[in-house]
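Each chain, written out:
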Amino acid sequence: MRKRIVAGNWKMNTSIEDGSKLAEEVSKLVLDLGNTDIGVAIAPPFTHLATIANIIDSEKVCLAAQNCASEESGAYTGEVSASMLKKLGVDAVIIGHSERRSYFKEDHATLTKKVNLVLKHNMKLIFCCGEVLDERDQGIQNDIVKKQLEESLFHLSAEEMDNCRIAYEPVWAIGTGRTASPEQAQEMHAFIRSLVKTKYGDSVAESTTILYGGSCKPSNASELFSNPDVDGGLIGGAALKADDFVGIVKSF
Ligand code: PEP
């Protein structure tokens, strides 16, 4: 069966002190859950990764980064490479988040390079896709998501897809308090799985984890996660409170 995962994207939040405390609380609460097959990941800011790598129990909580450079190394002021992240103990990298796409103008060529570097350095990939409100209103959300996957993900081999998780994040639901309905989430997740099936076949499609992201919280997580094609969540705001975040993990 495919892996079910709840991943927290902290974005540009928390001081090193607050972030360390949050990581410690999450780690403890996850430990208290006992044996669970739900994968838990946290993605703190770059500056916290080395410290937090030593705080969390890496058997229970996976350390993720929110981004990486599109180049291997060299004169790229301010960038952090995939190999640097790997050496810090990072297990997974989020690529293609809508905030990176819109504020930092990351296009498909850049995203493709990042995707390749994450996998080259033996980390897992959490690849985000999703439409903006205007595209949903026009009814073209499937075309948009298909294009995003075809442009930056579907060049990978079936073996490489093993290390990829897809996060469907309708942009209109991110940080807005407006969640996709369970039906809307299921419909898109089933569509994404059908695209993976067409490209890679049944077995890859069945084993690909597809996460939902967008104003997911303890009060709506169970309803979203009860859908057959929703394999967990990528959580923003609610990942900043250990109880809420672990509450979402518990809602499976
Ligand atoms: C996100 O940015 O990935 C996200 C899902 O944010 P939020 O949960 O705050 O909507």
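Residues numbered from 1 in each chain as written. Predicted model: local features only at pLDDT ≥ 70, side-chain atom pairs only at ≥ 80, totals over all residues. Heavy atoms only, no water.

(A) Inspection of the packing of helix H1 (residues 16-32) against helix H12 (residues 242-250) at higher detail. Look at H1 against H12: their axes get within 9 Å of each other, and the N-to-C directions meet at 35 degrees. For the pair H1 and H12, the crossing hand works out as right-handed. Where H1 approaches H12, its residues Leu22, Glu25, Val26, Leu29 and Val30 are matched on the opposing element by Ala242, Asp243, Phe245 and Val246. By residue class, the composition of the contact of H1 with H12 is seven nonpolar, no polar and two charged. (Axes fitted to C-alpha atoms, helices over the stretch in contact; angles between N-to-C directions. Helix = DSSP H or I, 4+ residues; strand = E, 2+ residues; numbered from the N terminus. Left-handed = near helix turned anticlockwise from the far one by under 90°. Contact = heavy atoms within 4.5 Å. Nonpolar A, V, L, I, M, F, W, Y, C, P; charged D, E, K, R; others polar.)

(B) Examining H12 more closely. Taken as a whole, H12 has its buried residues at Ala242, Phe245, Val246, Ile248 and Val249. In an axial view of H12, the angular spread of the buried residues amounts to 145 degrees, which keeps them on one side of the axis. Turned more than 90 degrees away from the buried face of H12 sit Asp243 and Lys250, all of them exposed. The secondary structure elements touched by the buried residues of H12 are strand E1 (4-9), H1, strand E2 (38-43), helix H11 (218-225) and strand E8 (232-235). (Buried < 20%, exposed > 50% of the residue type's maximum accessible area, 1.4 Å probe, protein only. Arc of directions from axis to C-beta.)

(C) Representation of helix H7 (residues 141-152) within the structure. With 12 residues, H7 extends 17 Å from end C-alpha to end C-alpha; this agrees with the ideal 16 Å at 1.5 Å per step. Considered for burial, the residues of H7 that qualify are Gln141, Ile144, Val145, Gln148, Leu149 and Ser152. With its buried residues spanning 125 degrees around the axis, H7 presents them on a single face. Close packing links the buried residues of H7 with helix H4 (98-103), helix H5 (108-120), strand E5 (124-129), helix H6 (133-138), strand E6 (164-168) and helix H9 (182-200). (Expected span 1.5 Å × (residues − 1).)

All quantities given are derived from atomic positions and should not be read as evidence of function.
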